[in-house]
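Take a look at the letters that make up each chain.
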Amino acid sequence: MTTTKASSATAVRAEEHVEQIVSSIGPKVKRLRQEQRLSLQQLAVKAEVSAAAIHKIERNDMVPTITTLLKVAAALDHPVTYFVEQD
């Protein structure tokens, strides 16, 4: 395998790894919100983020900025690392 092919394959694996992590954020937010019996609106108020943004994050329609993720994590009493580590 040439260096170009090897680095290309590595880049694809890294991209897939990142996509796995990003796609797991929404379900984790939703699961914690539901476990804490919070509505979208209640979490939004607690996190100082719009309910629409929370909804989009949970559905993986939007990737949260680090600022938004920090706010949501704090509102759900979990470290940011919880949302970005693999299960």
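This one's a predicted model, so the numbers in the text were calculated from it and none came from an experiment.

### Overview of the nonpolar core
In step 1: Membership of the largest hydrophobic core comes to 18 residues, with the highest contact counts inside it found for Ile 25, Val 29, Leu 43, Ile 54, Val 72, Leu 76 and Phe 83.
In step 2: For this core, the element with the highest residue contribution is helix α4 (residues 66-75), accounting for 4 residues.
In step 3: Setting aside anything within four residues of it in sequence, one finds Leu 76 in contact with Val 29, Leu 32, Arg 33, Gln 36, Leu 38, Leu 43 and Phe 83.

### Considerations on the packing of aromatic side chains
In step 1: This model, assessed by the stated rule, comprises 1 aromatic pair.
In step 2: Ring geometry for Tyr 82 and Phe 83: centres 5.1 Å apart, planes at 90°, overall edge-to-face. Comparing Tyr 82 with Phe 83 shows no difference in burial state: the two are buried.

### So, the pattern of salt bridges
In step 1: Scanning the entire structure with this criterion turns up 2 salt bridges.
In step 2: Measuring nitrogen to oxygen at the nearest pair gives 2.6 Å for the salt bridge that ties Arg 33 to Glu 58. In this pair, Arg 33 is assigned in helix α1 (residues 3-35) and Glu 58 in helix α3 (residues 51-58), connecting sequence segments 25 residues apart. For the pair Arg 33 and Glu 58, a shared accessibility class is recorded, and that class is buried.
In step 3: Across the pair Asp 61 and Arg 59 runs a salt bridge, and its minimum N-O distance is 3.4 Å.
In step 4: A residue is classified by how much of its surface remains accessible, and Arg 59, at 52% relative accessible area, is exposed.

### Describing the environment of Val 49
In step 1: Mapped onto the secondary structure, Val 49 falls in the loop between α2 (40-47) and α3.
In step 2: For Val 49, a relative accessible area of 12% translates into the label buried.
In step 3: Sequence separation between Val 49 and Leu 69 is 20 residues; the distance between their C-alpha atoms is 9.8 Å.
In step 4: Beyond its immediate chain neighbours, meaning those up to four positions away, Val 49 contacts Ala 44, Ile 54, Thr 68 and Lys 71.

Definitions and cut-offs
- Residues numbered from 1 in each chain as written.
- Predicted model: local features only at pLDDT ≥ 70, side-chain atom pairs only at ≥ 80, totals over all residues.
- Heavy atoms only, no water.
- Core = buried A, V, L, I, M, F, W, Y, C linked by side-chain atoms within 4.5 Å.
- Buried < 20%, exposed > 50% of the residue type's maximum accessible area, 1.4 Å probe, protein only.
- Helix = DSSP H or I, 4+ residues; strand = E, 2+ residues; numbered from the N terminus.
- Contact = heavy atoms within 4.5 Å.
- Phe/Tyr/Trp six-rings, centres within 6.5 Å; stacked < 30°, edge-to-face > 60°.
- Salt bridge = Lys/Arg side-chain N within 4 Å of Asp/Glu carboxyl O.

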